[in-house]
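The primary structure of each chain is shown beneath.
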Amino acid sequence: MDAEVALLAQSAGTTLVALMATDAWQHMRDGMTRLWRRTQPERADTVAAELEAGREDVLAATVADDQQTLDELRLRWQGAVQRLLVARPDAVEELRALLDQLDPAEGSAARQITQHATASGQGRVYQAGRDQHITER
């Protein structure tokens, strides 16, 4: 599989879940639904319903600070987008355009983040491309 497609799918899954809890959600939902209607019309209604259900899950997980559920949702959408892009490579540019339209101030994860860290001995490294919650006692 093309590394670019995998990275784009990862970005889309992360962005989609992040935006489910923001005002930018409707724009992302409409864009993703249009993408599926154009590329896999037989699945578009199912995907639209899954997006709405996913948003409810994200809102509940956000309130409960349930990072495991949020991670699972990110992976689920990453997989769905990746399968779409593999089946329909012509959708890559449309998805990229949708992600590029999102305002980074709205919390878009569409930009690429690269981090490097080294720890030795008893050292610890905490890195995040976005929010980070650390609970140590």
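A. Focus on the pattern of salt bridges. One pass over the full model with this rule turns up nine salt bridges. Asp-30 serves as the salt-bridge partner of Arg-29, at 3.1 Å between the closest nitrogen and oxygen. In this structure, Arg-74 and Asp-71 form a salt bridge, with 2.5 Å as the shortest nitrogen-oxygen distance. With a gap of three residues between them, Arg-74 and Asp-71 both fall in helix α4 (residues 67-87), about one helical turn apart. Looking at Arg-74, the relative accessible area reads 24%, which means it is partly exposed. Given a relative accessible area of 40%, Asp-71 falls into the partly exposed group. Through salt bridges with shared partners, a single network forms among Arg-38, Arg-88, Asp-90 and Glu-94.

B. Geometry of the nonpolar core. Core analysis: the largest hydrophobic core is formed by 32 residues, its most contacted members being Met-32, Leu-85 and Leu-95. For this core, the secondary structure elements donating two or more residues are α1 (3-19), α2 (25-39), α3 (41-64), α4 and α5 (91-101). If near-sequence neighbours (up to four positions away) are discounted, Leu-95 is found in contact with Leu-8, Ala-12, Met-32, Leu-35, Val-81 and Leu-85.

Reading the values: the criteria
Residues numbered from 1 in each chain as written. Predicted model: local features only at pLDDT ≥ 70, side-chain atom pairs only at ≥ 80, totals over all residues. Heavy atoms only, no water. Salt bridge = Lys/Arg side-chain N within 4 Å of Asp/Glu carboxyl O. Helix = DSSP H or I, 4+ residues; strand = E, 2+ residues; numbered from the N terminus. Buried < 20%, exposed > 50% of the residue type's maximum accessible area, 1.4 Å probe, protein only. Core = buried A, V, L, I, M, F, W, Y, C linked by side-chain atoms within 4.5 Å. Contact = heavy atoms within 4.5 Å.

No statement about biological role is implied by the geometric values presented.
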